[in-house]
Amino acid sequence: MTSCPPGLKPPGYRTEPTRLEDKVAIVTGGGSGIGRGVCLAYAREGAQVVVVDNDLEGANDTVRRLEAVGRRGLAVRTDVSDAVEVDAMVAATLAAFGTVDVLFNGAGITIPASLLDTTVEQWDRILAVNLRGQFLCLRAAARVMVERGHGKIVNVTSILGAQARVNRGAYGASKAGIISLMQTAAVELGPHGIYANAIAPGFIETPMAKSAPATPEETRRKLAAIPLRRRGDHADRTGPAIFLASRESDYVNGIVMTVDGGFTASVD
Ligand code: NAP
């Protein structure tokens, strides 16, 4: 092994992060929360980012932030549960950037309600956005990726995809479905050079998390149940997303990466 004199960088060392240099990434839910953080993280790693969201204002705001760090971005208002809109979004990506290398499937909703109180309309909407939406985006992006012979797909599930919480029945069912969708994608698309993995966040501070605020006592109990004794922050939500989109994960396919500070490892 060759060693470097102190203060000198080893050969090939680059100070700029470039794990996604020249890649084109589609990030759904990019107008807010986890998705916005991932857009910025991918841009800092060198990617050109297509910011997809229901909320065009939020998507445009994210693009302005990308441009502030010297990257190109494109905001595309899309309802991910609508097949026609999703196909048009991928067509717009190809028109702007010529390819799709990475899909981060982050758009999602929750409507807290017990099973007894959940209406059919609420059930269908949650499943349509969270599960059908990920399927439609995955299918549209993977059709391009298969032609190119490579691609990385990162699906956002939740710790509630494998464990239950009261008032989250439809949400949990959608997130469990996402794990199955991701595994099938990993199996079917792997031979084409396409990777599919999932991230299962625990408690991450975002607008969605704030939409169902906890009482101080609930917050205290939640934090006490997390071995690291804190919620996930910006770096916690972007590090795994960069890893699963980059070459660093080139033998990782079909996994759920849990990002919850050890919450689901504990029986306390
Ligand atoms: P967020 O801040 O609410 O962001 C979600 C984004 O998705 C919003 O900009 C939302 O736009 C957009 N969206 C909703 N429905 C859409 C649709 N039909 N088409 C396109 N975009 C749509 O939530 P977040 O906390 O960042 O959540 C991101 C992902 O992480 C979700 O899949 C969520 O289930 C998952 N997750 C979050 C946590 C957490 O603790 N925060 C934990 C586990 C998993 P609108 O504002 O217009 O609805």
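Cut-offs applied
- Residues numbered from 1 in each chain as written.
- Predicted model: local features only at pLDDT ≥ 70, side-chain atom pairs only at ≥ 80, totals over all residues.
- Heavy atoms only, no water.
- Buried < 20%, exposed > 50% of the residue type's maximum accessible area, 1.4 Å probe, protein only.
- Helix = DSSP H or I, 4+ residues; strand = E, 2+ residues; numbered from the N terminus.
- Pairing = 2+ DSSP bridges.
- Right-handed = clockwise from strand over helix to strand, strands pointing away.
- Expected span 1.5 Å × (residues − 1).
- Bend = angle between axes of the 7 residues up to and from the residue.
- Phe/Tyr/Trp six-rings, centres within 6.5 Å; stacked < 30°, edge-to-face > 60°.
- Axes fitted to C-alpha atoms, helices over the stretch in contact; angles between N-to-C directions.
- Contact = heavy atoms within 4.5 Å.
- Core = buried A, V, L, I, M, F, W, Y, C linked by side-chain atoms within 4.5 Å.
- Parallel < 35°, antiparallel > 145°, perpendicular 65-115°, else oblique.
- Left-handed = near helix turned anticlockwise from the far one by under 90°.
- Nonpolar A, V, L, I, M, F, W, Y, C, P; charged D, E, K, R; others polar.
- Near = heavy atom within 4 Å.
- Polar contact = N/O pair within 3.5 Å; in protein donor to acceptor, adjacent residues only side chain to side chain.

Novice: So what's going on with the pairing of strand β5 (residues 151-156)? Residues and values would help.
Specialist: Of all the six residues making up β5, six are buried; the element is thus mostly covered by neighbouring parts of the structure. Alternating residues of β5 divide into G151, I153 and N155 and K152, V154 and V156, and every residue in both groups is buried. Sheet topology note: the strand β4 (residues 102-105)/β5 ladder contains four bridges and is parallel. Bridge pairing in β5 places N105 opposite N155. What joins β4 to β5 is helix α4 (residues 120-148), and the crossover it makes is right-handed. Bridge count between β5 and strand β6 (residues 194-201): six bridges; the pairing is parallel. Looking at β6, one finds that V156 is bridged to I199. Between β5 and its parallel partner β6, the chain crosses via helix α5 (residues 169-189), and the hand of that crossover is right-handed.

Novice: Describe α4, naming the residues involved and giving the relevant values.
Specialist: Here α4 contains 29 residues, and its C-alpha end-to-end distance of 40 Å stays within 8% of the 42 Å for a straight helix at 1.5 Å per residue. By the largest-angle criterion, A128 marks the main kink of α4, which is about 35 degrees.

Novice: Help me get a handle on unusual backbone geometry, residues and values and all.
Specialist: Even without a glycine there, the phi angle at D22 is positive, about 65 degrees. On the secondary structure map, D22 appears in the segment before β1 (24-28). Residue D22 is classed as exposed on the basis of its relative accessible area, which comes to 62%. Notably, N167 is not glycine yet its phi reads approximately 70 degrees, a positive angle. Tracing the backbone through its elements, the reader meets N167 in the loop between β5 and α5.

Novice: Quick one: what's the story with the packing of aromatic side chains, residue by residue and with numbers?
Specialist: Using the criterion set out here, one finds two aromatic pairs in the structure. When the ring of Y42 is compared with that of F104, the centres are 6.4 Å apart and the planes differ by 90 degrees; the resulting orientation is edge-to-face. Placement of Y42 in helix α1 (residues 33-44) and of F104 in strand β4 is noted, with a sequence separation of 62 residues between them. Note on Y42: relative accessible area 0%, which makes it buried. Between F203 and F263, the ring centres sit 5.2 Å apart and the planes meet at 75 degrees, which makes this aromatic pair edge-to-face. With F203 in the loop between β6 and α6 (207-211) and F263 in the segment after β7 (256-259), this pair connects stretches of sequence that are 60 residues apart.

Novice: A description of the sheet that holds β4 should follow, citing residues and the corresponding values.
Specialist: By way of backbone hydrogen bonds, the strands of a sheet pair with one another, either parallel or antiparallel. The seven strands are arranged β3-β2-β1-β4-β5-β6-β7 in an open sheet whose pairing can be described as parallel. The strands lining the two open edges of the sheet, one partner per strand, are β3 (73-77) and β7. For this sheet, the mean angle separating the axes of adjacent strands, direction not counted, is 15 degrees. Bridging between β1 and strand β2 (residues 48-53) involves five bridges; their strand directions are parallel. Along β2, the bridge assignment pairs I26 with V50. Set on the sheet, helix α2 (residues 56-68) makes contact with β2 and β3; between it and β3 the angle comes to about 175 degrees.

Novice: Run through the nonpolar core, naming residues and quoting values.
Specialist: Residues I26, M89, L103 and I153 are the most contacted members of the largest nonpolar core, which totals 32 residues. Counting only elements with at least two residues in this core, the list comes to β1, β2, α3 (83-97), α4, α5 and β6. Examining the composition of this core, we find that nine residues originate from one element, α4, more than from any other. In contact with M89, other than residues within four places in its own chain, are I26, V52, V76, T78 and C137.

Novice: Can you lay out the packing of α4 against α5 for me, pointing to particular residues and giving the numbers?
Specialist: Packed helices, taken two at a time, are described by the angle their axes make and the gap between the axes. At a minimum axis distance of 8 Å, the contact between α4 and α5 shows a crossing angle of 15 degrees. Compared by their axis directions, α4 and α5 come out roughly parallel. Note that α4 runs across α5; the crossing there is right-handed. Along its contact with α4, which presents W123, I126, L127, N130, L131, Q134, F135, L138, A142 and V146, the element α5 presents G169, A170, Y171, A173, S174, K175, G177, I178, L181, A185 and L189. For the contact of α4 with α5, the class distribution of residues is 15 nonpolar, five polar and one charged.

Novice: So what about the site of the ligand? Which residues, and what values?
Specialist: The local shell around the ligand holds 28 residues, among which S32, I34, D53, Y171 and T206 are the closest. Contact distances for the ligand include 2.7 Å between an oxygen atom and a backbone N or O atom of I34. Between the ligand and the protein, one listed contact pairs an oxygen atom with a backbone N or O atom of G202 at 3.2 Å. Contributions of two or more residues to the shell around the ligand are made by α1, α4, α5 and α6. Here the shell around the ligand is built from residues that sort into 12 nonpolar, 11 polar and five charged.

Taken by themselves, the reported measurements are silent on function.
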